[in-house]
Amino acid sequence: MPELPEVEALAGYLRQRAVGRRVDRLEVAAISALKTYDPAPTAVAGRAVVDARRHGKFLDVLVEGDLHLVVHLARAGWLHYREAFPATTPLRPGKGPIAVRVRLDDGSGFDLTEAGTQKKLAAYLVGDPAAVPGVAKLGPDALAADLPTFTERLRSRRGQVKGVLTDQAVLSGIGNAYSDEILHAAKLSPFAITDRLSDAELAALHAATRQVLGDAVERSLGQRAAELKGEKRSGLKVHARTGLPCPVCGDTVREVSFADSSLQYCPTCQTGGKPLADRRLSRLVR
Ligand SMILES: [Zn+2]
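What counts, and at which threshold
Residues numbered from 1 in each chain as written. Predicted model: local features only at pLDDT ≥ 70, side-chain atom pairs only at ≥ 80, totals over all residues. Heavy atoms only, no water. UniProt positions renumbered as here; feature names shortened; annotations may be inferred. Phe/Tyr/Trp six-rings, centres within 6.5 Å; stacked < 30°, edge-to-face > 60°. Helix = DSSP H or I, 4+ residues; strand = E, 2+ residues; numbered from the N terminus. Lys NZ or Arg CZ within 6 Å of the ring centre and 35° of its normal. Axes fitted to C-alpha atoms, helices over the stretch in contact; angles between N-to-C directions. Parallel < 35°, antiparallel > 145°, perpendicular 65-115°, else oblique. Left-handed = near helix turned anticlockwise from the far one by under 90°. Contact = heavy atoms within 4.5 Å. Nonpolar A, V, L, I, M, F, W, Y, C, P; charged D, E, K, R; others polar. Buried < 20%, exposed > 50% of the residue type's maximum accessible area, 1.4 Å probe, protein only. Expected span 1.5 Å × (residues − 1). Donors = N, O, S within 2.8 Å, 3.2 Å for Na, K, Ca; no water. Tetrahedral: all angles 85-135°; square planar, octahedral: opposite > 155°, others 65-115°.

The chain goes by Fpg/Nei family DNA glycosylase in an unreviewed UniProt entry, where it is assigned to Micromonospora vulcania. Looking at the Catalytic activity (unreviewed entry) heading of the UniProt record, one finds this comment for the chain: "Hydrolysis of DNA containing ring-opened 7-methylguanine residues, releasing 2,6-diamino-4-hydroxy-5-(N-methyl)formamidopyrimidine."

Put into structure tokens, the structure is as follows:
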């Protein structure tokens, strides 16, 4: 799933490539992906793209006249920029992974695609991004939050730090992959309870958040949109590396699995060398 760094990079790419161009047509192939009906998709035709922004993990393409195409890419969604489209015939609804296509006046444009059978990609055409329910409830941006804000937000929600860090209402932008990386960099157990974290642990977590997300944004920004792949990130130390050696200490990266997700961590770096029990099997180790 694309998280803050990937969405930031997509917005950066659109700022370079799409801003200043006029929209020829907004085509919706997957009717269920477009969550709004007023204004209609035809409302953006002929208007120039004026900016591309990010709200947490939401991408916001702003066109003249204060219209926002706000997109949540969900687990398997992505944006593909095309220098040209194969044909001028409109998309056929319900065929293939393309949910939404935006054609620009220079013949280029982008497709919002979603792989797999679970269709969760959501697009909204709105006059104000706050009209999107997921955007309205976002907490402060994870990369922009200063230490006092970060500390206040983490302490506002009692729970396992992995779950609190990925709660978009607490802080926005962090998902499953980067929370694994941040907790590893901060040397904290994913199951540590937030209101028991010391000031020093929260300061380490804040520093790790900035470092991990900042580095990932930098790596992503240098790449073209076509080369950015949410699921093929580089530079990860523990996420999706179960069984491989931790690049910091050499211990074996371990995993805890849940019904529809899993987390990865390094016992030596994060849990005093003790493996975490799988929640489903036994009492968990903190
Ligand atoms: Zn380690």
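Don't stop here, the text continues.
Description of the packing of aromatic side chains
Scanning the entire structure with this criterion turns up two aromatic pairs. On the basis of an interplanar angle of 70 degrees and a centroid distance of 5.5 Å, the ring pair of tyrosine 13 and tyrosine 81 is categorised as edge-to-face. In this pair, tyrosine 13 is assigned in helix α1 (residues 4–17) and tyrosine 81 in strand β5 (residues 77–82), connecting sequence segments 68 residues apart. Through pairs of rings, three or more aromatic residues link up here, namely Tyr13, Tyr81 and Phe110. For the cation-ring pair, arginine 103 lies above phenylalanine 85, with the distance from its terminal atom to the ring centre recorded as 5.1 Å.

Concerning the packing of helix α3 (residues 147–155) against helix α6 (residues 199–221)
The interhelical angle for the contact between α3 and α6, taken along N-to-C directions, is 115 degrees, at an axis separation of 10 Å. By the angle between their axes, α3 is roughly perpendicular relative to α6. Between α3 and α6 lies a crossing of right-handed hand. In this structure, α3 uses Leu147, Phe150, Thr151, Leu154 and Arg155 to contact α6, whose residues at the interface are Asp199, Leu202, Ala203, Leu205, His206 and Thr209. Taken together, the residues of the contact of α3 with α6 sort by class into six nonpolar, three polar and two charged.

Structural notes on the side chain of aspartate 180
Assignment of secondary structure puts aspartate 180 in helix α5 (residues 176–185). When its relative accessible area of 1% is taken as the criterion, aspartate 180 is described as buried. With sequence-adjacent residues up to four places away left out, aspartate 180 is seen in contact with Lys162, Val238, His239, Leu263 and Gln264.

Thoughts on α6
Helix length check: α6, at 23 residues, gives a terminal C-alpha distance of 33 Å against a target of 33 Å (1.5 Å per residue), a fit within 8%. Buried within α6 are the following residues: Leu202, Leu205, His206, Ala208, Thr209, Val212, Leu213, Ala216, Val217 and Ser220. The inward-facing, buried residues of α6 contact α1, α3, α4 (161–165) and α5.

Let's talk about the UniProt feature "domain: FPG-type" (unreviewed entry) in the chain
UniProt annotation of "domain: FPG-type" (unreviewed entry) refers to residues 237–271 when read in the numbering used here. Within residues 237–271, the helical portion is 11% and the strand portion 23%, while the C-alpha atoms at the span's ends are 16 Å from each other.

A short note on the coordination of the zinc ion
Coordination of the zinc ion by the protein comes from Cys246 (SG), Cys249 (SG), Cys266 (SG) and Cys269 (SG), over a distance range of 2.2 to 2.4 Å. For the zinc ion, the four donor atoms in the first shell make angles of 96 to 115 degrees at the metal, so the coordination geometry reads as tetrahedral. In terms of primary sequence, the donors binding the zinc ion are separated according to C-x2-C-x16-C-x2-C. Accessibility expressed as a relative area gives 36% for cysteine 249, which makes it partly exposed.

Topic: unusual backbone geometry
Of note, the amide linkage connecting aspartate 38 to proline 39 takes the cis form, showing an omega dihedral of 5 degrees. Backbone geometry places alanine 74, a non-glycine residue, at a positive phi of 60 degrees. On the secondary structure map, alanine 74 appears in the loop between β4 (67–72) and β5. For lysine 187, which is not glycine, the phi torsion reads 55 degrees and is therefore positive. As for its position among the elements, lysine 187 is in the loop between α5 and α6.

Details of the environment of valine 50
Looking at the element boundaries, valine 50 is found in strand β2 (residues 49–55). When near neighbours in sequence (up to four residues on either side) are disregarded, valine 50 contacts Val19, Leu62, Val63 and Glu64.

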